[in-house]
Every structure is written in structure tokens, then in C-alpha cells.
Amino acid sequence: MVSRVIPVEDFDLVIFGGTGDLARRKILPGLFRRYCSGQMPKDARIIGAARSEFDHDGYRTFVREAIEEFGGVDKAGCTELDSFLNQLFYTPINAKGVEGWDTLKSLMRGNVVQAFYFSVAPSLFGDLAERLHDNKIATPDSRIVVEKPFGRDLESAKELNATLREHFDETQIYRIDHYLGKETVQNLMAVRFGNILFEPLWNNKYVDHIQITVAETVSVGGRGAYYDKSGAMRDMVQNHLMQLLCLIAMEPPSQFEPDAVRDEKLKVIRALEPVEPHHIVRGQYDATPDEQSYRDDAGDPKSFTESFVAMKTHIANWRWAGVPFYMRTGKKMRARSSEIIVVFKDLNHSIFEGDDAGHRNVLTIQLQPNEGMTLDVTIKEPGPGGMRLIDVPLDMSFDEALGPDADDIPEAYERLIMDVIRGNQTLFMRGDEVEAAWAWTDPIIQGWEARRDVPKPYDAYSRGPEDAMALLHRDGRKWRDLSV
């Protein structure tokens, strides 16, 4: 199977923070891979803008090293690095001052798609937006890309949205969440709305419960000071897990069109019931003989910030009434795994004599590290001796199903940046989505702070706090084993 690569229009992409970590690791190597695939026009311009005092050649050397370090050359199998680098330009710029803006304006062309990637701290968003307009660089058709965090609570999210909207229309703002660019995440919609097999079963009559897990083996590491002001709830649940919940639970949109999709996601967030205090567990990883604890990494021996969250919530609508949604995320967990588990209900009656029940159809959607899907079905165990039932998976891993083409699947940032150039906002969050998510999240965080809740300690590289296991055990359920 040969993947279809659809070229985008000619464009100028300005990367504010063009020498930062995100640009080095993801944005620039991703753009190179799109160039190698033939998707990026040969006349497109990528313009780095940051505080570093590079000239054009110095920046090209910087980008060459970034691509070589982070796998762009080997993964793309492409020998056109020099040609790609010739499309790069650079200007030192002062986000809060006047330096560099005239040079940036001189590098821009007026007859192509213009996109501005704000790969900087949110505190600079307003300054960049203002100067793009004051210097008459942005046009009514320009697009801006902003990275999370989109605020740290509802009030700051509203302020941030208001700041951006002073200079840009909502149709020009692309709030990027790289999780939505993952191939398997998008396959959630294809599986649900492209197969008659699943949609009739996608409701409280047939689904027992749904689990959403985003587990990481890494610590907060060098991000400790930042992370301690955020925590797992703000850093992961309010955005990544919330978006996965929306895609798995939303109603079919009238058409696959950006606002139609985002309207349905917004309805899910607004239908979320408040989370009771006994339906949520917070945790912090402990030290090991060789590694530091969360509090050591954060530099605060009395920190109450969580590195782990597990919770049970419900969606108050006709489709999902009574179906619990369990979500968990954490650092220093047993395995790196992002997955969605849809557990279907038991049969009403088993016709097989002596069957010990416990056989359920389970759909597992694996987002990382090995993208794919499995559906557990019940069959007869081979051999004589009666009708013995076992559960086996129908397995569709991308590596096996797509063969060599699996290596050509774009990474999340590659896909999302190309969507910006196309003007397709389907996989980007709208301002009211962000604010609705904070409106649900804020009372949970405020409750912790009011009660002075102390996170439960858990062993590094474990399943998390035991209280998180009990969260499901009380309901006669259990988490999918992270070691699987």
C-alpha cells in the first residue's frame, strides 16, 4: 500500500522560539521529513526568530545539527538536507521591543499562506500578536499556532483567549495539542463513524466502562520547577486526557468539518459530571536507591503537587448515562503506555454448560508506543474435552497491517503543521473548548487546595498508588495491567 502525499500551498512559516527545545526536537525535523516526502513546496520559507544572534548560515548549521541529532535524516531516508536548509532564514528578534521586526517583515512574501508558530512562553503571546499587527506583518488570512499551557485556570484561559482575539479572529488561531495529531487518535473517529460494527454498540446498553490511560516512565526531571506549579491535573488531564475522552464519547458530527467536530466535543465537556472527592486519587512517586523522589526533582520537600492522577467520572447524557469513565496518568510508571480500553458488558445469558463467565469483548486502542488496535473475542479453546472458552485478540498493529508504509506515517507535529497550512482546524482546540475544560477542572483543584490534600506516595515504576487500584476494585473492576 502506498500512502498518498498531498502537497500543500506555498507558505511562509515563522517559528518564534526557533532555537528552542521544541523547535529542535520536533518542529524542524518534522518539517524536513515533510520536505522529503514531497509535501512541502520547494519555494516555501521557514523563518526562525528568537533571541539568539544567528545569521542565516548560522541558523542553518543549528538546524542541520538538530535534524541529525533527532533522527530526521535517518527516518526520512532523504539526501536533500542541503536543499531543505536553503529554504531556512533567521532573524534575531525582541518579542517585547522593536529589534528584528523590520527584518522579519522584509523576509515575508505577500502572496503565500502565512503562519506564525508561537513556540514560546504564553506570557509572550500577547506581545507577539501585538507586534505582528503593529508592524503590519500579519494579514486577515494569517494563522497563528499556540502551544499549551492554555492558561492555568479558567480565569487565565479567558484572559489568554481575549488577548489573542484582540488581534486575530478565532478562525486564525490554532491551539495545538500534539496528541490529536497521532494517527491512532484520529482513527478513533474512523473506527466509530466509518464502521457499522461499532456505532450501534457505542452506548450504555452495551458498554460496561471505559478506561483512558496515559502513563510515562520518565520523571519530571529538569522540568521540576515548572511542573510543580502545574501538576498532572493541569499538565495532562485538562488537555490530553480530556481530548481523548471527547473523541471516544462524542456524538457523530453532521459532517467531518472542523466546527461540526469541535461542537460535539464541546457538548461532551459540558455534560461531564463533577468528580466527587472519593472518586479521585492523587499521587507522588517516591525515591529509589538510584533516583530522586518527586519532591527532590521539584526542589520542594513539602510539595503537595501530584505526579499521578486517577479518577472516575460520568457523562450526563442519553448515550453514556451510568457508564463510568476511568482516567489515569502519571510519571515514573511501570510502563510507557497511552491507550483507551472499551470494555463491553457480559452476555445476558451463557448457553455453555460450566462456563465460568468473565468473558468480555474488549476493544483496546493503543496510542503509544505501539500504535494499533485489538479486539478481544471469545472462542473455543482448541482440543478435545468439551466446550472450553478462551479470549483471544483480533490484532491490528500498524507495523504489521501496513508493513513498510507504517514507517511513513507522519509524526503528530508533522501532520498538525501541514493542517495549519491547509487551514484545517479539525484537530485543534477552539477557545470555548479550552474554557469549558477549565470550568470542569477548576473545582477539582480548588477542592484539593481547600482540603490541603496530600498526594499518596507510590513506588517508582509501579502501577501508581494502591488507592488508584481500589478506585476500580470497589466497582468490581480492575485497570488493564500496564505491563501488558
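First things first, this report covers the structure right here in the doc. All figures in this text were calculated on a predicted structure; none of them were measured in a lab.

Regarding the sheet that holds strand β10 (residues 325-330)
Piece 1. In spatial order, the strands read β14-β13-β12-β11-β7-β10-β9-β8-β15; together these nine strands make up an open sheet with mixed pairing. Of all the strands in the sheet, the pair left with one neighbour each is β14 (389-397) and β15 (456-458). When strand polarity is set aside, the average angle formed by the axes of neighbouring strands in this sheet is 20 degrees.
Piece 2. Where strand β7 (residues 207-215) lies against β10, six bridges are found, and the strand directions are parallel. Within the sheet, the bridge partner assigned to Ile210 lies in β10 and is Phe325.

A few points about the sheet that holds strand β4 (residues 113-118)
Piece 1. Overall, parallel pairing links the six strands, which are arranged β3-β2-β1-β4-β5-β6 in an open sheet. What marks the edges here is a single partner per strand, and that holds for β3 (88-92) and β6 (173-176). The mean inter-strand angle of the sheet, taken between neighbouring strand axes irrespective of direction, is 20 degrees.
Piece 2. Here strand β5 (residues 143-147) pairs with β6 via four bridges, running parallel. Note that in β6 the partner of Val145 across the bridge is Tyr174.
Piece 3. Taken strand by strand, helix α6 (residues 125-134) contacts β1 (11-16), β4 and β5, and its axis lies near 155 degrees from that of β4.

What to know about the environment of Arg463
Piece 1. One can find Arg463 in the loop between β15 and α16 (466-473).
Piece 2. With 128 residues separating them along the chain, Arg463 and Ala335 place their C-alpha atoms 8.5 Å apart.
Piece 3. Contact partners of Arg463, with chain neighbours within four places excluded, come to Phe308, Arg328, Met333, Arg334 and Met469.

Thoughts on the side chain of Arg192
Piece 1. Looking at the secondary structure, you find Arg192 in helix α8 (residues 183-193).
Piece 2. Taking the relative accessible area as the measure of exposure, Arg192 reaches 1% and is therefore buried.

Notes on the nonpolar core
Piece 1. Within the largest apolar cluster, 112 residues are counted, with the highest numbers of intra-cluster contacts made by Phe84, Ile248 and Trp440.
Piece 2. The leading source of residues in this core is helix α10 (residues 231-249), at twelve residues.
Piece 3. Every residue in contact with Phe84, bar those within four places of it in the chain, is listed here: Leu28, Leu31, Phe32, Tyr35, Met40, Ile46, Val63 and Ile67.
Piece 4. Counting residues in each nonpolar core, the second largest holds 30 residues, with Phe89, Leu128, Ile144 and Val146 among its members.

Let's talk about the packing of α10 against helix α15 (residues 431-451)
Piece 1. The geometry of α10 relative to α15 is characterised by a closest axis approach of 10 Å and an angle of 140 degrees between their N-to-C directions. Viewed along their axes, α10 and α15 adopt a mutual orientation that is oblique. Between α10 and α15 lies a crossing whose hand is right-handed. Of the residues in α15, those in contact with Met233, Arg234, Val237, Gln238, Met242 and Gln243 of α10 are Glu433, Val434, Ala437, Trp438, Trp440, Thr441, Ile444, Ile445, Trp448 and Glu449.
Piece 2. Here the residues of the contact of α10 with α15 are counted per class, giving ten nonpolar, three polar and three charged.

A look at the pairing of β5
Piece 1. Across the five residues of β5, five count as buried, placing the element largely inside the fold.
Piece 2. Across the two faces of β5 the burial is the same, with Arg143, Val145 and Glu147 and Ile144 and Val146 all buried.
Piece 3. The parallel pair β4 and β5, bridged by α6, forms a crossover whose chirality is right-handed.
Piece 4. Regarding the hand of the β-α-β motif, the stretch spanning β5, helix α7 (residues 154-165) and β6 is right-handed.

The rules behind each value
- Residues numbered from 1 in each chain as written.
- Predicted model: local features only at pLDDT ≥ 70, side-chain atom pairs only at ≥ 80, totals over all residues.
- Heavy atoms only, no water.
- Pairing = 2+ DSSP bridges.
- Helix = DSSP H or I, 4+ residues; strand = E, 2+ residues; numbered from the N terminus.
- Axes fitted to C-alpha atoms, helices over the stretch in contact; angles between N-to-C directions.
- Contact = heavy atoms within 4.5 Å.
- Buried < 20%, exposed > 50% of the residue type's maximum accessible area, 1.4 Å probe, protein only.
- Core = buried A, V, L, I, M, F, W, Y, C linked by side-chain atoms within 4.5 Å.
- Parallel < 35°, antiparallel > 145°, perpendicular 65-115°, else oblique.
- Left-handed = near helix turned anticlockwise from the far one by under 90°.
- Nonpolar A, V, L, I, M, F, W, Y, C, P; charged D, E, K, R; others polar.
- Right-handed = clockwise from strand over helix to strand, strands pointing away.

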